[in-house]
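Listed below, chain by chain, are the residues.
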Amino acid sequence: MKYICFSVVLFFIIPLHIQAQQWSEYFVVPEMFGCISDSREAAEQNARGLQKVIDYAISKGVTLVSSRNKKYYIDQGLVITGGLDINLGSATIVATDTMKMLTINNGKARQWAGTLRSFRLDMNGKANYGIYCENAIKLRITDGEIVNIKKTVSVCIWAKAMSFSWTTSIFMAHTLSLQAS
């Protein structure tokens, strides 16, 4: 009888559970939340959609991913308030107005703020900050690019009370500003 019960569990119940798993339980993409690639006119919609996908990914513990060569225009900055793994696949986020493009505010001591991988921030000569680490204690930034930094008092990465690791590379075009206080 034990073997029959074990066989039923092994051959029928476990495969049903595995099939019920959905890819959205592991990662999400900006388009799931209304983002439109390559449309400057969609800047407001993209900012709202990207903020929603960031909040969702944090709450569900899933990875935020995007496809290569996507370009998302935003008209307001994005805020990360918890641990998040982002792999944008070299997609570009483009600022269309003055803003802090990406604010990381985890605010919890000794808690991992996440990883920002394979990204490209285009400050478009407008944004004041590329990455603004307001309160992120532990953050990994890898394979990133920050371009079109305006010539006047612009900061690519601003960090307050944090430790972060640079793995592989980050490229900043026009000016290089790294400020920590």
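To be clear, the structure that these remarks concern was listed above.
This report concerns the structure included in the present document. Quick caveat: nothing in here was measured; it's all calculated off a predicted structure. (Residues numbered from 1 in each chain as written. Predicted model: local features only at pLDDT ≥ 70, side-chain atom pairs only at ≥ 80, totals over all residues. Heavy atoms only, no water.)

Describing the overall build of the chain
A count of helical and extended segments in the chain gives two helices and twelve strands. Buried residues in the chain amount to 41% of all 181 residues. In the chain, of all internal contacts separated by at least 6 residues, the share reaching a separation of at least 24 is 67%. Summing over all exposed atoms, the chain offers an accessible surface of approximately 9,800 Å²; the carbon and sulfur share of this is 55%. (Helix = DSSP H or I, 4+ residues; strand = E, 2+ residues; numbered from the N terminus. Buried < 20%, exposed > 50% of the residue type's maximum accessible area, 1.4 Å probe, protein only. Contact = heavy atoms within 4.5 Å. Areas by Shrake-Rupley, 256 points an atom, 1.4 Å probe, with all protein chains shown as cover.)

Remarks on unusual backbone geometry
Most peptide bonds adopt trans geometry, and most residues besides glycine take a negative phi value. For Asn124, which is not glycine, the phi torsion reads 55 degrees and is therefore positive. Relative to the elements of secondary structure, Asn124 occurs in the loop between strand S7 (112-122) and strand S8 (129-135). Here Asn124 falls in the partly exposed class, since its relative accessible area comes to 23%. Here the phi dihedral of Asn148 falls at roughly 55 degrees; this positive angle occurs in a residue that is not glycine.

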